[in-house]
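The lines below spell out each chain.
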Amino acid sequence: MIEKIWFENHPIGWLLWPLFWPLSKVYAYIAVRRRRAYQCGIKSAYRSTVPVVVVGNITAGGNGKTPVVVWLVEALSRMGLKVGVASRGYGGKAPHYPYLVNEETTAEVAGDEPVLIQRRTQASVVVAPVRSDAVKLLEQQGVDIVITDDGLQHYALERDIEIIVIDGQRRFGNQHYIPLGPLREGMHRLAEVDFTICNGTSQESDEMPMTLKPSQLINLKTGEKRAVTDLKEIVAFAGIGHPPRFFNTLKQLDANIVYTQGFVDHQVFKRDEIESLAKKGQHLVMTEKDAVKCRHFAKNNWWYLPVDAVLPPQDSQRIINRILEVKEQYGSSST
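Residues numbered from 1 in each chain as written. Predicted model: local features only at pLDDT ≥ 70, side-chain atom pairs only at ≥ 80, totals over all residues. Heavy atoms only, no water.

Q: Would you mind showing me how to read the pairing of strand 2 (residues 83–87) here?
A: Taking burial as the measure, the 5 residues of strand 2 include 5 buried ones, the bulk of the element. Burial along strand 2 is two-sided: the residues Val83, Val85 and Ser87 and Gly84 and Ala86 are all buried. Pairing between strand 2 and strand 4 (residues 124–127): 4 bridges, direction parallel. Within strand 4, the residue paired with Ser87 across the bridge is Val127. (Buried < 20%, exposed > 50% of the residue type's maximum accessible area, 1.4 Å probe, protein only. Helix = DSSP H or I, 4+ residues; strand = E, 2+ residues; numbered from the N terminus. Pairing = 2+ DSSP bridges.)

Spelled out as structure tokens, the structure:
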């Protein structure tokens, strides 16, 4: 319901206005005051020994940040750079922090997005509520560059490049601060960051367009790859920021969908719940982020759909060139 208030102007929002409006003003005041404290040096921020690139947004909810992080890691790794990823590890409870994610790490320990990134890229991924702690451990791993998955508002960590990812369909909703709207920071931040990427087709003139390109389905148990059209009677579910985006992608691929189920972002799935859902069709299809949480109890007819962030060549090159320029200023991480 809260997202309907934020993005669809649901009438119940007017009923809750007397409660949410003053709370949003308090949220905005705290957010502005906190940032100014770091800008003025009242609070100290950690400066890494290697370049730090923040991929985030000014709104709550999923906008497509993780595919952008994966794209950056893969692009920079192909150039011979060792890239590390720092994340809060939302939804996970690690035995200690900072925590270095490995092949055996589960989403329950590190959160779904860090596990996804590590498995897709094989990069060093570290989670910690205090992102500077994660960055310090990554420095010990000998990385050349740190990419932070989210963390635009984490001003306790200095950054060299800021990238905002916008949901092209929902954009900024009613443009109010939390809880009245989805904003974590004001709209003015859009003019202050280095790059703005729009996930969708409704980008504005100063935004880089991005699409999420799906590939073949991958079986959670066997790793087999199949075209979406090969499967009949698909049950699809998604526990992401905006589940309809995933369902629409499947429809565009001509998937034979018989049932869909959306969950909240970072949903913790129960085995019985997903098994019951799977019985509504012949095959169960989910997002890659959800797959990392279901892999340990998956069935042979369960699949996930990987997607890759695709930007126009000239835009992607602009981002990479800027990162390399900053890297040159730092020199080698081994010096």
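More follows now that the structure is in view.
Q: What's the story with a nonpolar patch on the surface in this structure? I'm lost.
A: A cluster of nonpolar side chains, contributed by Val26, Tyr29 and Ile30, occupies part of the molecular surface with about 310 Å² of accessible area. Tracing the backbone through its elements, the reader meets Val26 in helix 2 (residues 12–39). For Val26, a relative accessible area of 45% translates into the label partly exposed. (Patch = residues over 30% accessible without salt bridge, like charges linked within 9 Å, V, L, I, M, F, W, Y side chains within 5 Å. Areas by Shrake-Rupley, 256 points an atom, 1.4 Å probe, with all protein chains shown as cover. Salt bridge = Lys/Arg side-chain N within 4 Å of Asp/Glu carboxyl O.)

Q: Got a minute to help me understand the nonpolar core in this structure?
A: A general feature of soluble globular proteins is that nonpolar side chains tend to end up buried together. If you look at the biggest cluster of nonpolar residues, it comprises 40 residues, and the most contacted ones within it are Leu72, Ile147, Ile163 and Ile319. Top contributing element to this core by residue count: helix 3 (residues 65–78), with 8 residues. Setting aside residues no more than four positions away along its own chain, Ile147 makes contact with Val53, Val55, Val69, Leu72, Val73, Leu76, Val83, Gly84, Val85 and Ala86. In this structure, Val52, Val135, Val143 and Leu157 belong to the second largest nonpolar core, which totals 22 residues. (Core = buried A, V, L, I, M, F, W, Y, C linked by side-chain atoms within 4.5 Å. Contact = heavy atoms within 4.5 Å.)

Q: Teacher, can you tell me more about the sheet that holds strand 4 here?
A: Working definition: the strands of a sheet are paired by backbone hydrogen bonds and lie parallel or antiparallel to each other. Sheet architecture is open: 9 strands sit in the order 3-4-2-5-1-6-7-8-15, paired in mixed fashion. A strand with exactly one partner marks an edge of an open sheet, and here the two such strands are strand 3 (99–100) and strand 15 (307–310). Examined bridge by bridge, strand 2 and strand 5 (residues 145–149) share 5 bridges and lie parallel to one another. Residue pairing across strands places Val83 opposite Ile145, the latter belonging to strand 5. Against the sheet, helix 5 (residues 112–121) engages strand 2, strand 4, strand 5 and strand 15, with an angle of about 170° to strand 4. (Axes fitted to C-alpha atoms, helices over the stretch in contact; angles between N-to-C directions.)

Q: Is there a simple way to explain unusual backbone geometry in this structure?
A: If a residue is not glycine, its phi is most likely negative; likewise, a peptide bond is most likely trans. Cis geometry marks the peptide bond from Tyr97 to Pro98; its omega dihedral reads -5°. With respect to the helices and strands, Pro98 occurs in the loop between strand 2 and strand 3. Omega for the bond connecting Ile178 with Pro179 falls within 30 degrees of zero, at 5°, which places this linkage in the cis form. As for its position among the elements, Pro179 is in the loop between strand 6 (161–167) and strand 7 (195–199). In this model, Gln122 sits at a positive phi of 65°, which is unusual for a non-glycine residue. Positionally, Gln122 belongs in the loop between helix 5 and strand 4. Of note in this structure, Glu233 is not a glycine but carries a positive phi near 50°.

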